[in-house]
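Residues per chain are reported as follows:
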Amino acid sequence: MIFRSSQQTPLTETPSSLKFTLYIKKKEIHAMNSVLEKALSLPLNQRQVWTEEHGEFIQSALDAFVDESTAIFDTVVLDEETLGLSENIIVLLREALRKADAVFAEYEQLNS
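Residues numbered from 1 in each chain as written. Predicted model: local features only at pLDDT ≥ 70, side-chain atom pairs only at ≥ 80, totals over all residues. Heavy atoms only, no water.

## Some words on the pattern of salt bridges
Next up, step 1: Tallied over the full model, the rule gives 4 salt bridges.
Next up, step 2: Here glutamate 81 and lysine 19 are joined by a salt bridge, their closest N and O atoms 3.4 Å apart. Of this pair, glutamate 81 sits in helix H3 (residues 80-110) while lysine 19 sits in helix H1 (residues 15-41), and the two are 62 residues apart along the sequence.
Next up, step 3: Across the pair glutamate 68 and lysine 25 runs a salt bridge whose closest N-O atoms are separated by 2.4 Å. (Salt bridge = Lys/Arg side-chain N within 4 Å of Asp/Glu carboxyl O. Helix = DSSP H or I, 4+ residues; strand = E, 2+ residues; numbered from the N terminus.)

Okay, here's the thing in structure tokens:
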């Protein structure tokens, strides 16, 4: 699984490189969803250990996805294909945030 921070800003990307960036972001967020789904399927004690080991990384990655996506969506003119990729990213990101909230909420309840 690769989580990267974009080197180019949305303002400097060509339409084709923007589509590629969105495609990669979609794959990254999909991978994050798979990881979170696996974490949610762990028994509670194992999920607590997993959250302690990986929670900070997951939160940082999700924050980066939100920040990068916001920057892209705020600055580009979208054609039909780019708009479709953008909508997919928003749906996947919302799903990832929901799953992360579920994982972290249980962890916080156990540690209260």
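Still more ground to cover, so stick around.
## Some details on the side chain of threonine 51
Next up, step 1: Residue placement: threonine 51 occurs in helix H2 (residues 44-75).
Next up, step 2: Within the structure, threonine 51 has its side chain in polar contact with the backbone oxygen of arginine 47 (distance 2.8 Å). (Polar contact = N/O pair within 3.5 Å; in protein donor to acceptor, adjacent residues only side chain to side chain.)

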